[in-house]
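Coordinate analysis (summary)
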Amino acid sequence: MAKESLTPVIRTTLTADICRKMVSHLIRGVWSEGEKIPPERELCQKLGVGRASLREALKALEIMGMIETRLGDGTYVCKRSDFFSRPLLWAIAGSSEADARELIEARTLIEVELAGLAAERATPQDLKLIAEQLRHMEKAKSNPQEFVQADVNFHLAIGQAAASRILMNALHLIRNLLQQWILSAVDIEGVAEKACAQHKRVLQAIEKRDDAAARKEMRKHLHDMAGFVPQKQTGRRGTRGRDK
């Protein structure tokens, strides 16, 4: 049986070289989160490349979730937790319901434990921040985008209160992958109200330093919210205005 022969190595393209150099800058923090990177003309001069090759590299970095272009404003560095999460989101969004369920199981394992740890470790400042995000949620019920951001921040505040860096990093990735599903769930009648009520019970358990209750309330909340994931995949049954 003939062995597969080695083939010549394809030479790296200029775009790939630009991309590699810029990824190095981003990973090493030379450009920090939220920072506006230099304009195209300046980058072209510093890198010694043409605008067409630079734009291809910037497009690749945006697809990877490392930078974002704001129309009429410029290009900014994304949060480090966003790095490489966008391709994962696209892959999971187009995958089977079973795959989505596995992701939700992972989220539950992480967030239930974080809630318990927060009940044990939260400082007064941590509790204040969690409560503040809950208030933002209650005020933003009629604004899906703001509500989802406050929802995300509520869970991140609990993660911060848990003082577990590894679990917190895992939470960042899971939350990024689930954010679009959360946004679709908010459109369903009564979901925002239910989420606020459940978040309030989680907060009360954390404030009472009852780690068992905090884990129980968080598990129930995530279990209930998980029920809305398939609805997005199958046409979002029960959304407002369905029978209009």
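First, a word on scope: everything that follows refers to the structure included in this document. (Residues numbered from 1 in each chain as written. Predicted model: local features only at pLDDT ≥ 70, side-chain atom pairs only at ≥ 80, totals over all residues. Heavy atoms only, no water.)

1. Here we look at the overall build of the protein
In terms of helices and strands, the protein carries 11 helices and two strands. Taking all 244 residues of the protein together, the buried fraction comes to 42%. By sequence separation, contacts in the protein at least 24 residues apart represent 72% of the contacts at least 6 residues apart. Summed over its atoms, the accessible surface of the protein is roughly 14,200 Å², and 53% of this surface lies on carbon and sulfur atoms. (Helix = DSSP H or I, 4+ residues; strand = E, 2+ residues; numbered from the N terminus. Buried < 20%, exposed > 50% of the residue type's maximum accessible area, 1.4 Å probe, protein only. Contact = heavy atoms within 4.5 Å. Areas by Shrake-Rupley, 256 points an atom, 1.4 Å probe, with all protein chains shown as cover.)

2. Comments concerning the pattern of salt bridges
Two side chains of opposite charge can pair, provided their charged atoms sit close to one another. Going through the model one piece at a time under the given rule, you end up with 13 salt bridges. Residue Glu-40 pairs with Arg-55 through a salt bridge whose shortest N-O separation is 2.9 Å. Remark: Arg-55 occurs in helix H3 (residues 51–63) and Glu-40 occurs in helix H2 (residues 40–47); sequence separation between them is 15 residues. Since its relative accessible area comes to 25%, Glu-40 is described here as partly exposed. Note on Arg-55: relative accessible area 44%, which makes it partly exposed. With its nearest N and O atoms 2.7 Å apart, the salt bridge here joins Arg-107 to Glu-111. Linking Arg-107 with Glu-111, this pair stays in helix H5 (residues 97–121), spanning four residues, or about one helical turn. (Salt bridge = Lys/Arg side-chain N within 4 Å of Asp/Glu carboxyl O.)

3. Observations regarding H3
Here H3 contains 13 residues, and its C-alpha end-to-end distance of 18 Å stays within 8% of the 18 Å for a straight helix at 1.5 Å per residue. Looking at the buried residues of H3, the elements they touch are helix H1 (14–27), H2 and strand E1 (67–70). Just downstream of H3 lies Gly-65, where phi reads positive at about 80°. (Expected span 1.5 Å × (residues − 1).)

4. Quick notes on the nonpolar core
Ile-130, Met-137, Phe-147, Ile-158, Ile-206 and Met-218 are the most contacted members of the largest nonpolar core, which has 45 residues in total. Of all elements in the fold, only H5, helix H6 (124–139), helix H7 (144–162), helix H8 (165–186), helix H9 (191–207) and helix H10 (211–226) reach the threshold of two or more residues within this core. No other element matches the 10 residues that H7 contributes to this core. Filtering out sequence-adjacent residues up to four positions away, Ile-158 remains in contact with Leu-114, Ala-115, Ala-118, Ile-130, Val-202, Ile-206 and Met-218. (Core = buried A, V, L, I, M, F, W, Y, C linked by side-chain atoms within 4.5 Å.)

5. Notes on the packing of H1 against H3
Contact geometry for H1 and H3: axes closest at 8 Å, N-to-C directions at 50°. Taken together, the axes of H1 and H3 are oblique relative to one another. The hand of the H1/H3 crossing is right-handed. Taken together, the residues of H3 that come into contact with H1 (itself represented by Leu-14, Thr-15, Ile-18, Cys-19, Met-22, Val-23 and Leu-26) are Ser-53, Leu-54, Glu-56, Ala-57, Leu-58, Ala-60 and Leu-61. Here the residues of the contact of H1 with H3 sort into 11 nonpolar, two polar and one charged. (Axes fitted to C-alpha atoms, helices over the stretch in contact; angles between N-to-C directions. Parallel < 35°, antiparallel > 145°, perpendicular 65-115°, else oblique. Left-handed = near helix turned anticlockwise from the far one by under 90°. Nonpolar A, V, L, I, M, F, W, Y, C, P; charged D, E, K, R; others polar.)

6. Some details on the packing of H9 against H10
The contact between H9 and H10 brings their axes to 8 Å, and the two run at 165°. Between H9 and H10, the interaxial angle falls into the category roughly antiparallel. The element H9 and its partner H10 pack so that their crossing is left-handed. When H9 is examined against H10, the residues Val-191, Lys-194, Ala-195, Gln-198, His-199, Arg-201, Val-202, Ala-205 and Ile-206 are found in contact with a partner set consisting of Ala-213, Ala-214, Glu-217, Met-218, Lys-220, His-221, Asp-224 and Met-225.

7. Description of the packing of aromatic side chains
Following the criterion strictly, the structure yields zero aromatic pairs and no others. The aromatic ring of Tyr-76 is capped on one face by Arg-70, whose charged end is 3.9 Å from the ring centroid. (Phe/Tyr/Trp six-rings, centres within 6.5 Å; stacked < 30°, edge-to-face > 60°. Lys NZ or Arg CZ within 6 Å of the ring centre and 35° of its normal.)

8. Describing the environment of Leu-58
Along the polypeptide, Leu-58 turns up in helix H3. Along the backbone, Leu-58 and Ile-18 are 40 residues apart, and their C-alpha atoms lie at a distance of 8.8 Å. In contact with Leu-58, not counting residues within four places along its chain, are Met-22, Ile-37, Glu-40 and Ile-67.

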